[in-house]
Amino acid sequence: MAEEILRITGGQKLRGEITVQGAKNSALPIMAAALLCSGETVLHNVPRLTDVYAASRILNHLGMRCKMEETTAVISPEGLTQTEIPDADMRAMRSSVMFLGPMLGRLRACVITMPGGCELGPRPIDLHLDAMRQMGVQIRESQGKIICTAEHLHGARIPLPIPSVGATENIITAAVLAEGETVLTNAAREPEIADLAAFLNQCGARITGAGEGTVVIEGVKSLHGTEYTVMPDRIAAYTWLCTCAAAGGTVCLKGTAPRDMESSLAVLRAAGCRLGICRDRIYLDSSQPLRSVRYIRTMPYPAFPTDAQALICAVLCTAQGTGMIEETVFESRYKHVGELLRMGADIRVSGRTAVITGVRSLHGASVEAMDLRGGAALAAAAAGAEGETVLRGLHHLDRGYDRFAETFNSLGGIAKRTLISASEREKNALNA
Ligand code: UD1
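Since the model is a prediction, treat every value here as computed from it, not as a measurement.

Here we look at the packing of helix H8 (residues 234-247) against helix H10 (residues 309-316)
Item 1. Where H8 meets H10, the closest approach of the two axes is 9 Å, and the angle between their N-to-C directions is 5°. Comparing their axes, H10 and H8 come out roughly parallel. Here Ile235, Tyr238, Thr239, Cys242 and Ala245 of H8 come into contact with H10, specifically with Leu311, Ile312 and Val315.
Item 2. Class assignment for the residues of the contact of H8 with H10 results in 7 nonpolar, 1 polar and no charged.

Observations concerning the site of the ligand
Item 1. Surrounding the ligand, one finds 20 residues, the nearest of these being Asp126, Ser164, Val165, Asp307 and Val329.
Item 2. Taking Asn25, its side chain carries an N or O atom lying 3.1 Å from an oxygen atom of the ligand.
Item 3. Measuring from an oxygen atom of the ligand, one finds a side-chain N or O atom of Asp307 at 2.6 Å.
Item 4. Compared with its free state, where it exposes 750 Å², the ligand has 86% of that area covered by protein.
Item 5. Looking at the shell around the ligand, the elements that each hand over two or more residues are helix H5 (126-134) and helix H6 (165-175).
Item 6. With 3 residues, H5 is the single largest residue contributor to the shell around the ligand.
Item 7. In terms of residue class, the shell around the ligand is built from 8 nonpolar, 6 polar and 6 charged.
Item 8. Per-domain counts for the shell around the ligand show at least three residues from each of domain 1 (3-14 + 289-431) and domain 2 (24-229).

Some words on the sheet that holds strand S22 (residues 388-392)
Within a beta sheet, neighbouring strands are joined by backbone hydrogen bonds and run either parallel or antiparallel to one another.
Item 1. Reading across the sheet, the 4 strands line up as S21-S22-S1-S23 and stay open at both edges, with mixed pairing between neighbours. In this open sheet, the two edge strands, each paired with only one partner strand, are strand S21 (366-368) and strand S23 (414-420). Taken pair by pair, the neighbouring strands of this sheet meet at an average axis angle of 25°, ignoring direction.
Item 2. Pairing geometry for S21 and S22, over 3 bridges, is parallel. By the bridge assignment for S22, Ser366 is matched with Val390.
Item 3. Sheet contacts for helix H12 (residues 372-384): strand S1 (3-9), S21 and S22; angle to S22, the most-contacted strand, approximately 170°.

Digging into the domain arrangement of the chain
Item 1. Looking at the chain, the domain boundaries give domain 1 (3-14 + 289-431) and domain 2 (24-229).
Item 2. Inter-centroid distance (C-alpha atoms) of domain 1 to domain 2 is 32 Å.
Item 3. With 19 residues of domain 1 in contact, the opposing surface of domain 2 contributes 19 residues.
Item 4. Here domain 1 and domain 2 share an interface that buries about 1600 Å² over both sides, 52% of which is from carbon and sulfur atoms.
Item 5. The largest share of the area that domain 1 buries against domain 2 comes from Tyr301, Arg399 and Asp402, three residues that together contribute 41% of it.
Item 6. At the junction of domain 1 and domain 2, the tally comes to 2 salt bridges.
Item 7. With a closest N to O distance of 3.0 Å, Asp51 and Arg399 form a salt bridge.
Item 8. In this assembly, domain 1 and domain 2 are joined by 5 residue pairs in polar contact (both at pLDDT 80 or more).
Item 9. Of all the elements in the fold, those that place two or more residues in the side of domain 1 that touches domain 2 are H12 and helix H13 (394-400).
Item 10. Sorting elements by how many residues they give to the side of domain 1 that touches domain 2 places H13 first, with 4 residues.

Details of the sheet that holds strand S13 (residues 227-229)
Item 1. Ordered by their spatial adjacency, 4 strands build an open sheet running S4-S5-S3-S13, and the pairing between neighbours is mixed. Lying at the two open borders of the sheet, with one neighbouring strand each, are strand S4 (65-69) and S13. With direction set aside, neighbouring strand axes in the sheet form an average angle of 15°.
Item 2. Across 3 bridges, strand S3 (residues 41-44) lies against S13 in parallel orientation. In the strand pairing of S13, Val42 is matched with Glu227.
Item 3. Along the sheet, helix H2 (residues 50-61) makes contact with S4 and strand S5 (72-76), crossing S4 at roughly 150°.
Item 4. Across the sheet, helix H7 (residues 191-202) touches S3 and S13, and the angle it forms with S13 is around 165°.

Comments concerning the nonpolar core
Item 1. Among the nonpolar cores identified, the biggest contains 78 residues, and Phe99, Leu200, Ile207 and Leu223 are the most heavily contacted of them.
Item 2. Each residue touching Leu200, except ones within four places of it in the same chain, is listed here: Ala33, Leu36, Ile172, Thr173, Val176, Ala205, Ile207 and Leu223.
Item 3. Judged by nonpolar contacts, the second largest core, of 72 residues, contains Ala245, Leu265, Leu372 and Ala385.

Observations regarding the packing of helix H4 (residues 100-107) against H6
Axis angle and axis distance: for two packed helices, these are the angle between their axes and the distance between the axes, and together they describe the pair.
Item 1. Following both chains from N to C, one finds H4 and H6 inclined at 10°, their axes separated by 7 Å at the closest point. Regarding the angle of H4 to H6, the classification is roughly parallel. When H4 is examined against H6, the residues Leu100, Gly101, Pro102 and Gly105 are found in contact with a partner set consisting of Asn170, Thr173 and Ala174.
Item 2. When its residues are assigned to classes, the contact of H4 with H6 shows 3 nonpolar, 4 polar and no charged.

Quick look at helix H9 (residues 262-270)
Item 1. Along H9, the positions that sit buried rather than exposed are Ser264, Leu265, Val267 and Leu268. Projected down its long axis, H9 shows its buried positions confined to an angular sector of 155°, all on one face.
Item 2. Following H9 by one or two positions, Gly272 adopts a phi angle in the positive range, close to 105°.

Here we look at a nonpolar patch on the surface
Item 1. Taken together, the side chains of Tyr295, Met324 and Val355 define a hydrophobic patch exposed on the protein surface, amounting to about 220 Å² of accessible area.
Item 2. Counting through the fold element by element, Val355 comes out in strand S20 (residues 353-357).
Item 3. Residue classification places Val355 among the partly exposed positions, given a relative accessible area of 32%.

Some points on the side chain of Thr243
Item 1. Examined against the element boundaries, Thr243 turns out to sit in helix H8.
Item 2. Those residues in contact with Thr243 that sit more than four places away from it in its chain are Leu14, Ala380, Ala383 and Phe408.

What counts, and at which threshold
Residue positions within a chain follow its written sequence, with the count starting from 1. Under the rules for a predicted model, residues below a pLDDT of 70 receive no local features and side-chain atom pairs below 80 are neither given nor counted, while totals for whole chains, interfaces and linings still include all residues. To obtain the side-chain values, all non-hydrogen atoms of the structure were included, while hydrogens and water were left out. Every axis corresponds to a line fitted to the C-alpha atoms, with the helix fit spanning only the stretch in contact, and the corresponding angles, defined between N-to-C directions, vary from 0 to 180 degrees. Under the DSSP-based scheme used, a helix requires at least four consecutive residues in state H or I and a strand at least two consecutive residues in state E, with every element numbered from the N terminus. Oblique is the label for any angle not under 35 degrees, not over 145, and not in the 65 to 115 range, which are roughly parallel, roughly antiparallel and roughly perpendicular in turn. Note on contacts: a residue pair qualifies if any of its non-hydrogen atoms lie within 4.5 Å across the two residues. Three classes are used: nonpolar for Ala, Val, Leu, Ile, Met, Phe, Trp, Tyr, Cys and Pro, charged for Asp, Glu, Lys and Arg, and polar for all others, with Gly counted as polar. Throughout this document, a residue counts as near a molecule or strand when at least one of its heavy atoms sits within 4 Å of that molecule or strand. As used in this structure description, the phrase polar contact means that two N or O atoms lie within 3.5 Å; if the pair is within protein, one of them must be able to donate a hydrogen and the other to accept it, and residues adjacent in sequence are counted only when both atoms belong to side chains. Only the protein chains shown count as cover for residues, and all accessible areas are computed by the Shrake-Rupley method using a 1.4 Å probe. How far each domain reaches was decided by an automatic or database domain assignment. Being paired, for any two strands, means DSSP has found at least two bridges between them. Here's the idea: put two parts together, see how much 1.4 Å probe accessible area each one loses, and the total over both is what we call buried area. By definition here, a salt bridge exists when the distance from a side-chain nitrogen of Lys or Arg to a carboxyl oxygen of Asp or Glu is within 4 Å. The criterion is simple. A nonpolar core is a set of buried Ala, Val, Leu, Ile, Met, Phe, Trp, Tyr and Cys residues joined through side-chain atoms within 4.5 Å. The cut-offs for exposure are 20% and 50% of the maximum accessible area for each residue type, with area from a 1.4 Å probe on protein chains only; residues under the lower value are buried, those over the upper are exposed, and the others partly exposed. This arc is taken over the directions from the axis of the helix to the C-beta atoms. Note that patches include only residues with greater than 30% relative accessible area and no salt bridge, and the join distances are 9 Å for like charges and 5 Å for nonpolar side chains (Val, Leu, Ile, Met, Phe, Trp, Tyr).

Here it is, written out as structure tokens:
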């Protein structure tokens, strides 16, 4: 079978201005939450991603109508009858689990299977299911299917053992049409949760505290449709900043929310990049040599995000000195490291810790994206490397980036997406 690859010619300093895409991790739960509304939902700033198309497929499968035109999604609820999401759609992405709360809220029933998504170590959904049980949902498993029914969906006091983003979102979306009040403590505080709640409140929901540790949801009888603009993608923004940091140059990102990115921006400053912030714009100047950052630990928001770990890892490959990263959110999130080693990086991984010693420069190589952010990190590293990098596994990039190569090239990078045949692929693999 033929495969698409991305050829990146390294060593071009980046220069220019781009508008950052809408947030994947906000658009996906909001699309699922549109299921709760009895009228039409119009969403703007929806990134054009395979994950978004998968969410749209699920909505259409359930009997609703979801149409995407450029970055606008129009979702109409008429025809919502199905309560089961096919296994193939569940496996397509982790966010398929975001349909659990809305389906239970609206239909009081839902059949799902285990969701797929990036393999970052075990990604159970026990916290989601436990919370649903506390709200009166009966759950049984049969032949790999998780069958949920809720004759009486009611509010509850739910203390989350760990602040899971997805569980927080599912509890909110199940609670908005449940009877009575739900009080969620130790909730995740990621900005995308506040965005989801802002959308739901605009539809008539009563949610307070979203984006903080305690969220209170007062159930209402119904929600109406609305028109809403999805927040900017802070991880996509960080991707372009890290790409410029690695390649050198000066870029300006428009349409960002710098306040949501404080911890990750602080790390780039510590690495020697000069940053300027003016309202929704972030300027980055990477003309000075990079220096290592002694210790970075990924943690739930507002700390340094796990989704940015691979990206900063790529930047620090050529920083002067030695630094350490500790990944505390996911068990196995260093799959990019083996590929960075092929490009000449000096990184040692032990358990959840990576020690990076900066080298003078990386060189191009044939590498493969193993997951979404790891793939973006390889592209960032390639931008600063000597020679050409061939990046495979582009389906991972397409899950999270709206026109990656076009955006990169608009900043003066050189990336070309091409189709190669199976025999060329084998030849490349032998030469790698
Ligand atoms: C979301 C983001 C993902 C990000 C992650 C952490 C979306 C679509 N995805 O993923 O990009 O990397 O937050 O910021 O928004 N856990 C359990 N049981 C559960 C649920 C989670 O043990 O039922 C564990 C996970 O294995 C993980 C930790 O909790 O170790 C955090 O996961 P969680 O916050 O739920 O991440 P996601 O919502 O899957």
